Amino acid sequence: IDTGLKPSGNSGIVVDYQQVGTIERQYPLFGARQSSSNTAFGMWLSSDVTYPQYGNVSYNTKPISINNNTRLIYKLDKGIASCGDKTVSFSQLSFNSSYNLVLFSMNTGGTVDTRRISGKLYSCKIYDNDILVRDFVPCKNPSGVIGLYDIVNGAFYQNAGTGEFVAG
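Residues numbered from 1 in each chain as written. Predicted model: local features only at pLDDT ≥ 70, side-chain atom pairs only at ≥ 80, totals over all residues. Heavy atoms only, no water.

Undergrad: Could you give an account of the overall build of the chain, with specific residues and numbers?
TA: For the chain, the count of helices and strands is 0 helices and 15 strands. Taken against the 2.2 N^0.38 rule, which gives 15 Å for 168 residues, the C-alpha radius of gyration of the chain at 15 Å falls within 12% of a compact globule. For the chain, the spread of C-alpha atoms along the principal axes amounts to about 45 × 30 × 30 Å. Split into buried and exposed, the 168 residues of the chain put 44% on the buried side. Nonlocal contacts in the chain, meaning residues at least 24 apart in sequence, comprise 53% of its contacts between residues at least 6 apart. Accessible surface for the chain amounts to roughly 8,000 Å². Of this, 46% is attributable to carbon and sulfur atoms. Once the 14 positive and 12 negative side-chain charges of the chain are each reduced to a mean point, those two points are 2 Å apart. (Helix = DSSP H or I, 4+ residues; strand = E, 2+ residues; numbered from the N terminus. Rg over C-alpha atoms; globule rule 2.2 N^0.38 Å. Buried < 20%, exposed > 50% of the residue type's maximum accessible area, 1.4 Å probe, protein only. Contact = heavy atoms within 4.5 Å. Areas by Shrake-Rupley, 256 points an atom, 1.4 Å probe, with all protein chains shown as cover. Lys, Arg positive; Asp, Glu negative; His and termini not counted. Charge placed at Lys NZ, Arg CZ, Asp CG, Glu CD.)

Undergrad: Which residues make up the packing of aromatic side chains, and what are the values?
TA: Enumeration over the complete set of coordinates arrives at 7 aromatic pairs. Between Tyr-17 and Tyr-74 the ring centres are 6.3 Å apart and the planes differ by 65 degrees, which places this aromatic pair in the edge-to-face class. Here Tyr-17, found in strand 1 (residues 11-19), pairs with Tyr-74, found in strand 6 (residues 72-77); they are 57 residues apart in sequence, far enough to count as distant. One exposure class covers both Tyr-17 and Tyr-74, and it is buried. Aromatic pair Phe-30 and Phe-41: ring centres 6.2 Å apart, planes at 50 degrees, arrangement tilted. Linking Phe-30 in strand 2 (residues 27-33) with Phe-41 in strand 3 (residues 40-45), this pair joins segments that are 11 residues apart in sequence. The exposure class of Phe-30 is buried, given its relative accessible area of 0%. (Phe/Tyr/Trp six-rings, centres within 6.5 Å; stacked < 30°, edge-to-face > 60°.)

Undergrad: Account for the nonpolar core, with residues named and values stated.
TA: As a rule of thumb, soluble globular proteins bury nonpolar side chains together. Counting 35 residues, the largest nonpolar core has Ile-13, Val-15, Phe-30, Tyr-74 and Leu-103 as its most contacted members. Those elements giving two or more residues to this core turn out to be strand 1, strand 2, strand 3, strand 6, strand 7 (80-83), strand 12 (119-128) and strand 13 (131-140). Sequence-distant contacts of Leu-103, that is, excluding residues within four places in its chain, are made with Ile-1, Thr-3, Ile-13, Leu-29, Phe-30, Cys-124, Phe-136 and Leu-148. (Core = buried A, V, L, I, M, F, W, Y, C linked by side-chain atoms within 4.5 Å.)

Just distances and angles here, no functional claims.
The structure is reproduced here in structure tokens:
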């Protein structure tokens with residue numbers, strides 16, 4: 001899902017999500033970045049570790065050990081990353097991405113990663129300077145397409161990648 005937003009050091013995201021199945025390597029839950037360690041805003045998941053990225057920090061710099069197969073709140077907000085009750089912080093707070101933030105993948109330099117995560121999304125809220133700019137909830141549109149409805153803008157977002165979403 002392309003959110004249409006370019007994250008910055010003032011951005012925040014709160015994702016209520018549960019991984020389904022085994023993760024054999026790292027998969028992006030959300031993100032946008034210039035390169036692997038430049039102007040990044042995102043999170044990668046493995047079966048027992050979450051790897052937040054923020055600013056000019058590589059994805060594996062500040063791992064958070066946690067069981068990602070349980071329903072958790074994943075949060076990245078102005079240099080603070082948390083998964084459940086575990087938190088790490090980043091010192092670089094000033095950056096502006098040139099690329100749109102995507103959900104369920106990573107947008108690196110304008111190219112969306114081909115690795116796809118599999119799980120249940122319950123909600124996703126995105127903030128800019130503490131102002132709610134996207135409030136996504138899963139839904140099915142009148143044509144039967146499954147995607148996310150943004151309560152803030154009254155817009156439907158469907159899969160911008162390959163495959164299709166499944167309800168339930």
